[in-house]
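Here is how the chains run, residue by residue.
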Amino acid sequence: MADPRLIQQLLSEIGEGIACRHYHEPRTGIHFGLLAGLGLLTPIDTRIPPCDAHGCPLLGQCEHEADFAPGASPRQPKGNRKFRRAPEGAAVAADAALLERLVSAHRLAGLVASALREGKASVFTLAEALLEHDLAQVEREGTAAPAVRRRELGAYLRLLEALGWVQFEDDGLSLRAVRLPVHLAPPTQLCETA
Amino acid sequence: MPSAERAWQQLQESTGEPQWLDVPILVRPVGELRPGRIVLEALTEDGHLLGTCAVFNGEWYPGCQGSIPYSHYAPTLYRVLLARQRREETEPLRLQVLKAVAAQTRSGRLLPVLLKFIIAPEHTLTGAQLEQVYGCPLQVFYTRFVGISYDVLRSREGGGDIRGRAIHEGYRRAAAEFVASRGDLERARAAYLEGVRRVWVEWLTTLCLKLSAGPLRDHRQPLEVVDEILDYCRHRWEGKALRLYLERLFYAPSRGISGRADRIEQPLDGGPLRVVEIKTSGMDAEQDPQTGDRHPGGLQALAYREILYSLGEQSAEAVVEEIRGARIKPLPLEQHPLIRRLRLDLSTRDERVVDLIAQARNIGYCVSTGLFTGYDRYLLDRAGDDWRLRELGGSFEFLRARPPCRICPAQHRSVCLYGTRHAGQPLYSLFRYAPNRLFAYWAWFHRQLKAEERASRQLLFHLVNTPAEMLEQAEGITIGRLRLVEQTGLIAVFTRDERIETRIREDDRVLVTPETRAPGQIFSLEGTVKAMGEHELVVRLNDRVAAEETYRVDLVGGYDLREWQLEGLTDFLVSAVASTGVRGRKVQVEELPRLARILLGVEPPSLPGQAPTPPAPDLNETQRRALAAALALQPGDLLLIQGPPGTGKTSLLAHLARTFLARHLFDYDGRAERDHRPVLILTNTHRAADEVVLKLLDRFPEVAPFVIRIGARRADMDEQVARQTLAERAGAREALEQADLTQDGAGALFRLIRRAQTCHDHAGIFVGTLGSADSAELRGLSFELVIVDEAGQATEPAMLQALRHLPPGYTGRLVLIGDHRQLPPVVSDELSPPPVPEAFRQLGLNAGDSLRTSAFERLARLYPHALITLTEQYRMNAPICTLVSQTFYEGRLVPGTQAVAEQTLAGWLAGLGISAPLGSVWSGPPVVLVTTERDPGARDSGARFTAGRSLDEARDNPREAEVIATLLGGLVCSLPPELRRDVARGIGIISPYRRQNTRIRQELLRRDPVLAEARVDTVDRFQGSEREVIVVSLVNSNDEAAIGRLHADWRRMNVAISRARRALVIVGDRSTFTRDPGRLGEDEARRYYRALFAEIERLERQGQACVLESQSLS
Amino acid sequence: MGQDGGEHLVDPEATGSFVARVNRYRESVGHRRFAGEDPVVYPESKAPAEVAAAAIAAERLGGLLRLDSQAISPAEDLAAAELDAGLRALANWDVRLARWRLAIAAGYAHLAEQQQRVSLARALAQTVRDLLYEPPGRPRVKPEAPVLMLLPALDRLPREELDFYAEEAKRLAELWREASRDDLLWSGWALARTRVSLRDGEPDAALAWLLRIYRRNRARLPADDPLERLVRPAEATFRLLLPLADGEDEAELRKLAEDASPHDLLVATVATLSQVWGTDLLQVSDRFALVLYQQPEPDRERPT
């Protein structure tokens, strides 16, 4: 459900308008955090438009509409929920082949590659690698929310499977590398391009 | 002449002017109750009639010039008497009469009139509860009686009170160390820092709730105030001889108030006592009208001072020590704004002080026991109309100006409509509009929890007013004449010469008091029992104890564990009604969420489905079917899994948790808007929770980084499990030890919090007890799958705690694993359950059921199709398995593998390298019955403790103990000496009575010291464990065939005999258990026991069992 | 009906026995309710006196009456009457009376639609209370919040009634916020407070509000200022409370304060300001009053 054609179709559908994740994610099943991570979409974090400004089809029935209304309480964070298409997004909308380059440049590529060194690994080792990565980042900088979240890693793995680079096995418990592009091979240390 | 009669006499003499009496009497209403004029019949404590008296509204009496408006005495007494009439409680009500007058009526008759009194002083309220009544009586009604609690799905910042806790702990240790080391500042500082460090490690999870960019004031203040505290100690105590009493419980039986003062200073040169209450946070502070600054904790210090006065310590001075920023400001009570605002004069016997405390105490009692509204749905709703509960009278000058709505859970759940900020859609008329069946279900359990609370709240009064010998002989809850032998740190060892016969056992909460004082008179100290010997007792206390006095130890027991069950029950009522999305009208039971309808018997859960499961070679057929059914469960559905003894219940649970986590490994993000995690496992006891974590870690090590054991590290916790607690995962202990707290303590704490938050974000499986459902780790988290282990031992309200963490509208999966044929929930026993209404048939409740009927048993009766029973067991060999299966499980229980079926005692001993021929008993078949029917000496000693709260009547049977010692001695002595320890460790001896267990231990020690390795314990403490050889001593053997209250529950016998792996020996009098006693109530148990002995005879015919006469052995 | 038209002398025994029978019902139901049941009143026999007693007991308890296999709510019309009385009290800014009547209505109502209408009225009471007693534009106060949050959960009320009250709550809240910025609206709001104080029999409070209105509109008044004659005695009543400035004589102030009459000052203020503002100040004040929803078709009666 996160294969390249669907992503391309979604990007062309968004065009120059504003894409809200509460409308598109349930419809297409594509995780917006992944698209932002790949550089296809840029989150709108300042002067976030209310829902009626960009004519969202869910006007009136969406429970998140109150969060974006002008007088909404600051308790609910409004950032990272509405996006615009980035230039690479427009390029991929035109030609899907570009996607593979972006996927291998994604900040999780290194982490996945180092986990699949021996060709096969359990999903738990992948999740543990992400935990270690977050702990290391907290140790280094002491920031609160690490950049990468687990749902984005899950969507990334499903995208790799759609591209045919990896294969889920024994009922989703482990992951086998089918053909990893050479430049995705594990660099010496964790790259952090966020 | 007892004080009541003397006071009554004295009253009659001086007619017309009110007198201060302060004497307890018993009263009974006479004639028809009218609000304005209550006529009572007064009696003394021991029942002699004193005469009739009356209580009028507004403290008026015939011949009195005016009446006092806003007086709460008459209206509150009227409501209490009316409620007791409605509840058909006939025994008289105790009143502590403070002030009364003998008034001359117009017809010339002399009529005593009671003006000021305390209602039911035997029901104890704590100082904190008085403070809450003073804040807002309606909040007491919603939180103390109804039991409304915060919505655990909504994240809420904690941490403010941890700063207070750290300062309290540090100050307490520094003060104790300063006095003990005679003024050594360095040791006091080290003790302070150790106290702060310990609190931070234990409460790290609450500190993690607050997201912050850097160290906060909450983290810095405990360290900044160190020097100030040490100077203050040095300044006050340098070179003075005094003794400190820390965290001492004190209690006034005449006022019905108890409290715990932070510190009491007693100068050795005989100066006045000084009671100190340390206050840090300013939340509930009292505004000083003149100076405008705020001072907290006025009423609590006033209540403690009143307790001291009623105990006769007239000269005591009470001080509130306020810690503001880095400075301490001691504030004598006279200058406290509360005293100045009410113009109270503390030097004389000012009646306004008594009024203030009596109002809080009486209204607090009337409301928190439910006498104000009972379970009348109209009155429950009307109570919320006015936050000052004007119907109970009471002066608003004795209440705070504005109610503290911000911290009130009823306002957060929009049940109370006064709050300034509405959290959601207001719940108008919650109790009237709740569906009838849901309300009846709530009221039926609520009444039983409240009955238990009332019994334990009257315990202190019972301890003070009953002579110590009666408590020790008849009830066995007190041990007197104990001498302190030695005290290392906080562990104290007491001994006495004569044997200790008591019901108190390990892990019980006790009260240690010098014999010169009554329990609760300032010098009582709370503690937990670590070890019980024949002549000595080891107790872990909160403070050091003076060596020169003799002490008495009283069993206090734990009520507070019931409070969280009340919250679980009421949360079910509020959340079920709130999640229907319908407001303002009567909710139909069909509109409730699906899981609520299943629990209320409206519709059945769906049939267990079959989902694809990953390869699980180590699970048998039924376990795999149960796993598949659990994985196929739809949100909002329920599955029951019955796990008879030894059927691998925990390994099934581990497989389910790991597979579910793998399926949802990437579906959750820490701190997203709606934090939705995969698996929550709640058990009934800490031991069971540790077992689940151990099984999970050694079966699936790759899951370890995502498992969190809820709660702080406990002393008896396995090292591997302790590492899974959040504090240990973040390396709290080492981080705080290395960091130099005075320099960069706050920074170290902040980094530690940040690490703990990250580990918490990634965690997917949380394991804890049902009591910790509202703990800090789980706050704001909802779970896809909630599993309750040992569900057969959890009461229904306890099980409802598991629902609190299902997503809103209970759209999550609930799996109950347990066995209703094994031990039932632990409930205090002598309370008679309320009648089961006819309509409860649809709930699956029968006539004799009560709180002791677990939800698992009820639902198993209601929905047999939703129950999956695991049938292959891996513990007992074939004969024992057949015995248990035929008697208790209709023959469905079978050995899992051939090896298990054929394991024998000889095989086990051969494994240990022993091939010596065994005695006649041990080489025969694995099931042995040693019957003592025809053995005249084998009669039980009769019940020793008949009165009191516990089931255990403390019987014992010396002959059986001797037979067991002979048997085991025969087995062990014939073995080579070096292997005796291992064999003894594989033996377990079970009997229902602790007195019999102590006697068996003595017999075994006399026979062979190595037998001390064998575990001798009651059935309840053997639950969950197993042994190669099990010997069961039935003890009951008498002519009237009395099997006692413990044996009346046949499930204990099932647990006892199903602990054995290879050999089972039952020693007891067969006829006592099978004869028909002609008494009601035991027929079900008798039926099972007859089946048990019949099965043994059948096995004997097949040569798999043998029956011996006890005389043939000695 | 009054067949014989003669004087009806009350028979003490019959009344006593009838009332005793009613109390017997009430006591037994009260007893079982105290234990948690929500019992229905069953007449013990078909005798008319018995049925009458049971009906009256059920009505007084606000419970249900069981008449040959049907459950009847005998006090439903009382609930409707109390609800109307409560809403009318709200329209007259009488929040205490409204809350009392609505509490009684909540006790009697058993039909779902009626219950929800009572709950909506209680939310409106909260709105009117905030509107009236919170100073306009006060932060963190949203008068319309209780109503707007409750409306989506009222599933048995007609759509237009819900929309009507949603609009009404928003209008009042907007007006209340506007009043903090607009002098005319503020004066209207203060006038409403004045009228409430006068009705509650607190002349000093009314005087205080009138002085505030006067102070607020002082700049707009013409030079010859017709209110001066009435304002000076009103100010005298409050000046007496303060330490006397030099040149003021206590006795003279006291005499002046005698004829301070809030009613005259009210009429004069309304007249003057209406002229100054060009609109009737009373009408501006009436805009703060809650408008009640009227059934669109006059003939379809509510279930009375």
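The residue numbers shown here count from 1 along each chain, following its written sequence. Lettering for chains starts from A, numbering for ligands starts from 1, and both go in the order in which the items are written. Where totals are concerned, whole chains, interfaces and linings use all residues; where local detail is concerned, this predicted model gives features only for residues with pLDDT of at least 70, and gives and counts side-chain atom pairs only at 80 or more. The basis for every side-chain value is the complete set of non-hydrogen atoms in the structure, without hydrogens or water.

Requested: an account of the overall build of chain A, with residues and values cited.
Labels follow the DSSP assignment, with helices taken as runs of H or I lasting at least four residues and strands as runs of E lasting at least two, numbered in each case from the N terminus. Looking only at helices and strands, chain A features nine helices and six strands. By the convention used here, residues are in contact when the closest approach between their heavy atoms is within 4.5 Å. A separation threshold of at least 6 residues defines the contact pool for chain A, and within that pool the share at least 24 residues apart is 67%. Accessible surface computed for chain A: about 9300 Å², of which carbon and sulfur atoms make up 55%. Under the convention used here, a 1.4 Å probe and the Shrake-Rupley method define accessible areas, while residue burial counts only the protein chains that appear.

Tell me about the environment of Ala 252 of chain B, and please be specific about residues and values.
Residues and elements named next belong to chain B. Positionally, Ala 252 belongs in strand S7 (residues 242-252). For Ala 252, a relative accessible area of 0% corresponds to the buried category. Beyond its immediate sequence surroundings of up to four residues, Ala 252 is in contact with Ile 257, Ile 307 and Ser 310. With a 1.4 Å probe rolled over the protein chains alone, any residue whose accessible area is under 20% of its type maximum counts as buried; one over 50% counts as exposed, and the rest are partly exposed.

A description of the confidence of the model for chain C should follow, citing residues and the corresponding values.
Residues and elements named next belong to chain C. Taken as a whole, chain C shows an average pLDDT of 89; of its residues, 96% reach a score of 70 or greater. The score called pLDDT rates the predictor's confidence residue by residue, from a low of 0 to a high of 100. Of all helices and strands in chain C, the one with the weakest mean pLDDT is helix H11 (residues 250-258) (86), whereas helix H8 (residues 183-199) scores best (95). Scored as a complex, the prediction yields pTM 0.91 and ipTM 0.87.

Tell me about the nonpolar core, and please be specific about residues and values.
Residue and element names in this part refer to chain B. Take the buried Ala, Val, Leu, Ile, Met, Phe, Trp, Tyr and Cys residues and link them wherever side-chain atoms come within 4.5 Å; each set so joined is a nonpolar core. Grouped together as the largest cluster of nonpolar side chains are 203 residues, with contacts concentrated most on Ile 25, Leu 77, Leu 114, Trp 200, Leu 803, Leu 814 and Leu 816. Per element, the largest residue contribution to this core is 10 residues, and it comes from helix H12 (residues 351-368). Leu 77 has contacts with Ile 38, Leu 40, Val 55, Leu 93, Leu 95, Phe 117 and Ile 119, leaving out every residue within four places of it along the chain.

So what's going on with the pattern of salt bridges? Which residues, and what values?
Residue and element names in this part refer to chain C. Just to be clear on terms, a salt bridge is a Lys or Arg side-chain nitrogen sitting within 4 Å of an Asp or Glu carboxyl oxygen. Counted according to the given criterion, the structure contains 120 salt bridges over all chains. When the shortest N-O distance is used, the salt bridge between Arg 117 and Glu 113 registers 3.1 Å. With a gap of four residues between them, Arg 117 and Glu 113 both fall in helix H5 (residues 112-133), about one helical turn apart. For Arg 117, a relative accessible area of 5% corresponds to the buried category. One salt bridge in this structure joins Arg 177 and Glu 174, with 3.6 Å as the shortest N-O distance. One end of the pair, Arg 177, and the other, Glu 174, are both in helix H7 (residues 159-179), three residues apart, so they sit about a helical turn from each other. The exposure class assigned to Glu 174 is partly exposed, which follows from its relative accessible area of 41%.

An account of the sheet that holds strand S26 (residues 867-869) of chain B is requested, with residue identities and associated values reported.
Residue and element names in this part refer to chain B. Two strands qualify as a pair provided DSSP detects at least 2 bridges between them. Here seven strands make up an open sheet; going across it, the order is S22-S23-S21-S24-S25-S20-S26 and the pairing parallel. Each of the sheet's edge strands pairs with one partner strand only, and the pair in question is strand S22 (707-709) and S26. Between one strand and the next, the sheet's axes are offset by a mean angle of 20 degrees, whatever the strand orientation. As defined by bridge partners, S22 adjoins strand S23 (residues 765-769) across three bridges and the pair is classed as parallel. The residue of S23 that forms the bridge with Arg 709 is Val 767. For every element, the axis is a line fit to its C-alpha atoms; helices are fit only across the contacting stretch, and the angle between N-to-C directions ranges from 0 to 180 degrees. Sitting on the sheet, helix H22 (residues 649-663) touches strand S20 (638-642), strand S21 (676-683), S23, strand S24 (782-788) and strand S25 (813-818), and the angle it makes with S21 is about 170 degrees.

Can you tell me about the arrangement of the chains, naming the residues and giving the values?
The assembly contains two pairs of chains in contact; the pair sharing the most contacts is chains B and C. At no point do chain A and chain C touch; the closest pair of C-alpha atoms across them sits 11 Å apart.

I'd like to hear about the domain arrangement of chain C, residue by residue, with values.
Residues and elements named next belong to chain C. Under the domain assignment used here, chain C contains domain 1 (13-74), domain 2 (77-178) and domain 3 (183-286). Distance from the C-alpha centre of domain 1 to the C-alpha centre of domain 2: 32 Å. In this assembly, seven residues from domain 1 lie in contact with five residues from domain 2. Accessible area that two parts lose when put together, evaluated with a 1.4 Å probe and summed over both, is termed the buried area. Summing the contributions of domain 1 and of domain 2, the shared interface buries around 420 Å²; its carbon and sulfur component is 51%. Looking at the side of domain 1 facing domain 2, the largest losses of area belong to Glu 59, Gly 62 and Ser 73, adding up to 67% of the total buried there. Taken together, domain 1 and domain 2 are joined by zero salt bridges. Residue ranges for the domains trace back to a domain assignment, done automatically or taken from a database.

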